[in-house]
Amino acid sequence: MTWEEYLYREHSRETIARWARELRYFRFCRAYGGHQNDGDRLLVALSDPDLDPDMFQPAAPTIRNDRLELWLSDTYYVTESVVDAAKEIERRLPGGIVIDPPLDDEHCVCPKYYPGIWG
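Figured I'd write up the structure that's included with this text. (Residues numbered from 1 in each chain as written. Predicted model: local features only at pLDDT ≥ 70, side-chain atom pairs only at ≥ 80, totals over all residues. Heavy atoms only, no water.)

Right, let's get into helix H3 (residues 80–90). Of all the residues in H3, the buried ones are Val-82, Val-83, Ala-85, Ala-86, Ile-89 and Glu-90. Buried residues of H3, viewed axially, fall in a sector of 160 degrees; they line one side. (Buried < 20%, exposed > 50% of the residue type's maximum accessible area, 1.4 Å probe, protein only. Helix = DSSP H or I, 4+ residues; strand = E, 2+ residues; numbered from the N terminus. Arc of directions from axis to C-beta.)

Structure representation (structure tokens):
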């Protein structure tokens, strides 16, 4: 299976591109899969780890590498309701502290790795 076949196996290219354009800060991150036991998610990273993660519910918080990461998924998948929740959280995010991309590799659908989506 090629990378593109894996990236678009659960959601079409058009769906992921639409989500990418609708969301300002959250990025769709494709699962690593295999023995990682991870799932697809929407992810945003903030450079202020001291922010109260409760103000970004229902996102799950993780503090890693001196930053606050917020992620959303429906078990192992991203659904339209997850995208809607991310849009609501984005209204509360302080934009000046967003780290983009939140995951610096091709698993993260962001302008750095997929510029054609935003072009």
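Moving on, we get to the nonpolar core. One finds Phe-26, Leu-42 and Leu-93 to be the most contacted residues of the largest nonpolar core, which totals 29 residues. Listed by contribution, the elements that provide at least two residues to this core are helix H2 (13–22), strand S2 (41–46), strand S4 (67–72) and H3. Broken down by element, the residue count for this core peaks at five residues, all from H3. Residues Cys-29, Leu-43, Leu-103 and Cys-110 belong to the second largest nonpolar core, which totals five residues. (Core = buried A, V, L, I, M, F, W, Y, C linked by side-chain atoms within 4.5 Å.)

Attention now moves to the pattern of salt bridges. As enumerated under the stated definition, the model contains 11 salt bridges in all. With its nearest N and O atoms 2.9 Å apart, the salt bridge here joins Arg-64 to Glu-69. Owing to a relative accessible area of 42%, Arg-64 belongs among the partly exposed residues under this scheme. Residue class for Glu-69 comes out buried when judged on its relative accessible area of 5%. Linking Glu-69 and Arg-67 is a salt bridge whose minimum nitrogen-to-oxygen distance equals 2.8 Å. (Salt bridge = Lys/Arg side-chain N within 4 Å of Asp/Glu carboxyl O.)

Here we come to the pairing of S2. Along S2, six of the six residues are buried, which leaves the element largely enclosed by surrounding structure. Side chains Arg-41, Leu-43 and Ala-45 of S2 all project onto a buried face; the interleaved residues Leu-42, Val-44 and Leu-46 project onto the opposite face, where all are buried too. In this sheet, S2 lies alongside strand S1 (residues 27–29) in antiparallel orientation, the contact comprising three bridges. When the bridges of S2 are listed, Cys-29 appears paired with Arg-41. Where S2 lies against S4, five bridges are found, and the strand directions are antiparallel. Bridged to Leu-43 within S4 is Trp-71. (Pairing = 2+ DSSP bridges.)

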